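Commentary on secondary and tertiary structure
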Amino acid sequence: NAGVTQTPKFQVLKTGQSMTLQCAQDMNHEYMSWYRQDPGMGLRLIHYSVGAGITDQGEVPNGYNVSRSTTEDFPLRLLSAAPSQTSVYFCASSYSISPGRLQETQYFGPGTRLLVL
Amino acid sequence: AQSVTQLGSHVSVSEGALVLLRCNYSSSVPPYLFWYVQYPNQGLQLLLKYTTGATLVKGINGFEAEFKKSETSFHLTKPSAHMSDAAEYCCAVSRSCYNKLLFGAGTRLAVHP
């Protein structure tokens, strides 16, 4: 298994540009989420999904869109990038150990470093 | 609202010395507690976790943590630091059945000879 993969590893955008950060997992995990990591603030949850077709907002969802059309993929879209979105973005996944109960451990991807000028 | 506080954004120890990284949380219900480690330019890796049962939890690379409900703490320790332990350490709590993680600000551990 490749685990959780993220592309690209690094991206530079100009203010107002749009882009999609890709996240994929090959472990058949139902739960996937996106975090951003900023110095001195730790990781903060942006959006999460409990299964294909189901998404919800986290702590800092503004400026980001997500969709979950398949179990494997959970892309994060920036429609109009802003310098405040300069950050390192991590995708994570986990699975259900029983109906309605998720395994406690989340598996993280290697991250995407985004710079918005 | 839940919160996670990591005391000390930077901790420096000598090789062979005790490592103590502090984590306190606030929660109205017993949470799940985690320590993740992040090496430079890498993703987060689970170091250890507490869910239920024994309050002293052992993890990888010789680390352990003790859940103290009365102190709302989950401090991470290692008896003898190694140069390879230099990394960012993140404490987190899981606050709902949907496994959303709430992270502390992180502590960068430096190990010097």
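Within each chain, residues carry numbers counting from 1 in the order of the written sequence. Whichever chain is written first is A, and whichever ligand is written first is 1; the rest continue in order. Two thresholds apply to this predicted model, a pLDDT of at least 70 for residue-level local features and 80 or more for giving and counting side-chain atom pairs, whereas whole-chain, interface and lining totals are computed over all residues. Side-chain metrics rest on all non-hydrogen atoms present in the structure, leaving aside hydrogens and water.

Where helices and strands are cited, they refer to DSSP runs of H or I of at least four residues and of E of at least two residues respectively, numbered from the N terminus. Topologically, Glu88(B) is positioned in strand S9 (residues 87-94). Measuring from C-alpha to C-alpha, the distance between Glu88(B) and Thr107(B) comes to 5.6 Å, with 19 residues separating the pair along the chain.

Let us now look at unusual backbone geometry. Residues and elements named next belong to chain A. Cis geometry is found at the peptide bond from threonine 7 to proline 8, where omega equals -5°. Positive phi is not limited to glycine here, since asparagine 28 has a value of about 60°. When you line up the elements, asparagine 28 lands in the loop between strand S3 (19-25) and strand S4 (31-38).

In this model, chain B carries an average pLDDT of 90, and 93% of its residues clear a pLDDT of 70 or more. Residue-level confidence of the predictor is what pLDDT reports, using numbers from 0 through 100. Mean pLDDT across the elements of chain B ranges from a minimum in strand S10 (residues 101-103) of chain B, with 89, to a maximum in strand S2 (residues 10-14) of chain B, with 97.

The relative placement of two aromatic rings is captured by the distance of their centres and the angle of their planes. Any pair of Phe, Tyr and Trp rings, taking the six-membered ring for Trp, is counted once the centres come within 6.5 Å. Such a pair is stacked with planes under 30 degrees apart, edge-to-face with planes over 60 apart, and tilted for the rest. Under the defined criterion, the tally for this structure stands at 11 aromatic pairs over all chains. A ring pair is formed by Phe108(A) and Phe103(B), whose centres lie 6.2 Å apart and whose planes are at 75°; its orientation type is edge-to-face. Here Phe108(A), found in strand S12 (residues 107-108), pairs with Phe103(B), found in strand S10, and the two come from separate chains. Per-residue accessibility, obtained with a 1.4 Å probe over protein chains only, is compared with the maximum for each type, and a residue is labelled buried under 20%, exposed over 50%, and partly exposed between these values. Under the relative-accessibility criterion, Phe108(A) is labelled buried at 11%. With a relative accessible area of 6%, Phe103(B) lands in the buried category. Each member of the aromatic cluster is reached from another via a ring pair, and the members are Tyr35(A), Phe108(A), Phe34(B), Tyr36(B) and Phe103(B). The criterion for a charge sitting over a ring is simple: Lys NZ or Arg CZ within 6 Å of the ring centre, and within 35 degrees of the ring normal. In this structure, Arg68(A) packs its charged tip against the face of Phe74(A), placed 5.9 Å from the ring centre.

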